[in-house]
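For reference, the chains in residue letters:
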Amino acid sequence: MLDSRYFQEGVEELKMGLRKRSGGDELVAQVAQLSQSRKELILAADALKANRNAVSQEIAKLKAQAKSNPQAAQEADQKVLAMRAVGEEIKAMDEKLRLVEEQYQALTLRIPNLPHSSVPVGKSSDENFEVRRWGKPTELSFDPKSHVDLGEHLKIIDFERAGKMSGARFALYRGAGARLERALIQFMLDLHTSEHGYQEVIPPFMVSRDAMTGTGQLPKFEEDLFKTHVADRELFLIPTSEVPLTNMYREEIIEAGALPYYLTAYSPCFRSEAGSYGKDTRGLIRLHQFQKVELVKIVEPDQSYEELEKMVQNAEKVLQLLELPYRVLLLCSGDMGFSATKTYDLEVWLPSQNTYREISSCSNCEDFQARRAQIRYRPEPQAKPKLAHTLNGSGLAVGRTFVAILENCQDQNGNIRIPRVLHRYLEGAPGFTRRGDDLYILAQV
RNA sequence: GGAGAGAUGGCAGAGUGGUCGAAUGCAUCGGUUUUGAAAACCGACGUAGGGGCAACCUUACCGGGGGUUCGAAUCCCUCUCUCUCCGCCA
């Protein structure tokens, strides 16, 4: 949610900003008008209420005198009658106001964040800006296999059985595959907690509508989420642990000097992938459930862009240690997510696709989520609370990292060399190979 | 799953229909006093919306929502959460 001043004096500025994304002049005009009628209604209703409050006091006094003064009793009765009419008027006015506020809320919650001035203006991913590359695209002397072929060959991923119980877009990791996924999770969490200063969290994986609204997934993107009812209670499966991590501090005032907060969590992530039919239908790239290690920062406003750069570096470090080639993109205005003012994507090299694919997305949301979720801090001990800035980033998407390792570290026999940093999480095993018909083991490559 | 109790300002804790936005204590901040500190004393001390250049005025808020009433922290309905006891359970 944006500062309400945009809907009063900042209408032109707001339109300019939103045009960099996908437009929204009409929406802005509507909101500006609602903002105006809202003010007018408040003014009128408040005047009526002030009058009622004053007269009610008089009635109280008159009633106190009524025993000894019959005239006072009569006067009180008259005033009660008059106020009954005023009460009706107030009720009608409040109802009008309620409708206006409802619409106003509904619309403002659907307005995305404004791009930062450093963000290139563009319509689609074609206009993203490549900031840097690390490593060289892996060159293999043979025709690289896809992770799907490798995974099935090694019997470490089983799409068929996953489909049997859950349908398309689900995966089942087994044996060394499950072990590698777990090793990656642990490696990432260890790195971010011991080297980068993040606090590890295990959050709920289901959250309320309010929490989803706080980080901006709702109300606009409900169709992208899985919703459940537990004991008649509405809950959403998290599409990323950004949601619970950021909402940890909703409706809180963080004491002076406590920021910044760095949080990290591993979680499964659930996405309906509505509208993505036909894209990445095979493999681990696009699933209804995937694993991710998330990074979230809650910081003071003047720090947030600096903190974004650091967060990107924290995510990059994972790829560097895994020796996976990648590039960093600065997303253009049209390709950014709803809540972000600025986003960097990390893309890892995938030999079978001969291209870079997204493996992390790091965004500054400035005070957009903080305003929705009311996350505030005190700049100084006695000072008035201010909205904090929130950032989030993947550190990294675990399934896609798994894919990148299989594809970049394969040999011509379909064996996988395990990056050095993971050895300690895999009992020292340097690689995967297949032995026998139904087995997979950790072994020498 | 069953039975019961509760939710009031940063905290503790009064208040059961009318000058209650809310006593009192603690904490916090300013001041007086003191060589300094403590103590004592005096004063200040919520949030949000609207109006106004401003002083200031006004509205709303006693877990959330709804209702009764001229008037609700107080009465009624409902939801959520917390606690205690019993049962079940990883």
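Residues numbered from 1 in each chain as written. Chains lettered and ligands numbered in written order. Predicted model: local features only at pLDDT ≥ 70, side-chain atom pairs only at ≥ 80, totals over all residues. Heavy atoms only, no water.

Enquirer: Break down the overall build of chain A for me, citing the residues and quoting the values.
Expert: When helices and strands are tallied, chain A shows 11 helices and 17 strands. Computed over the C-alpha atoms, the radius of gyration of chain A is 28 Å, more than 25% above the 22 Å expected from 2.2 N^0.38 for a compact globule of 445 residues. For the C-alpha atoms alone, the extent of chain A along its principal axes is close to 105 × 45 × 45 Å. Look at the contacts in chain A between residues 6 or more apart in sequence, and 72% of them connect residues 24 or more apart. Split by element, the accessible area of chain A, about 21700 Å² in all, is 48% carbon and sulfur. Positive and negative side-chain charges in chain A, numbering 58 and 62 respectively, have mean positions lying 2 Å apart. (Helix = DSSP H or I, 4+ residues; strand = E, 2+ residues; numbered from the N terminus. Rg over C-alpha atoms; globule rule 2.2 N^0.38 Å. Contact = heavy atoms within 4.5 Å. Areas by Shrake-Rupley, 256 points an atom, 1.4 Å probe, with all protein chains shown as cover. Lys, Arg positive; Asp, Glu negative; His and termini not counted. Charge placed at Lys NZ, Arg CZ, Asp CG, Glu CD.)

Enquirer: Explain the packing of aromatic side chains to me, and be specific about the residues and the numbers.
Expert: A complete count under the given rule lists nine aromatic pairs for this structure. Ring plane angle 75° and centroid distance 5.0 Å describe the contact between Trp349 and Tyr356, whose orientation is recorded as edge-to-face. In this structure an aromatic cluster arises from ring pairing among Phe221, Phe338 and Phe368. Over the ring of Tyr6 we find Arg5; its NZ or CZ atom is 4.6 Å from the centre of that ring. Stacked on the ring of Tyr104, the Lys or Arg Arg38 has its end atom at 5.6 Å from the ring centre. (Phe/Tyr/Trp six-rings, centres within 6.5 Å; stacked < 30°, edge-to-face > 60°. Lys NZ or Arg CZ within 6 Å of the ring centre and 35° of its normal.)

Enquirer: I'd like to hear about helix H5 (residues 159-166), residue by residue, with values.
Expert: Side chains that are three or four residues apart share a direction in an α-helix, a result of its 3.6 residues per turn. The N-cap residue of H5 is Asp158: its side-chain oxygen and the backbone nitrogen of Glu160 are 3.2 Å apart. One or two steps after H5, the chain reaches Gly167, where phi turns positive at roughly 90°. (Polar contact = N/O pair within 3.5 Å; in protein donor to acceptor, adjacent residues only side chain to side chain.)

No statement about biological role is implied by the geometric values presented.
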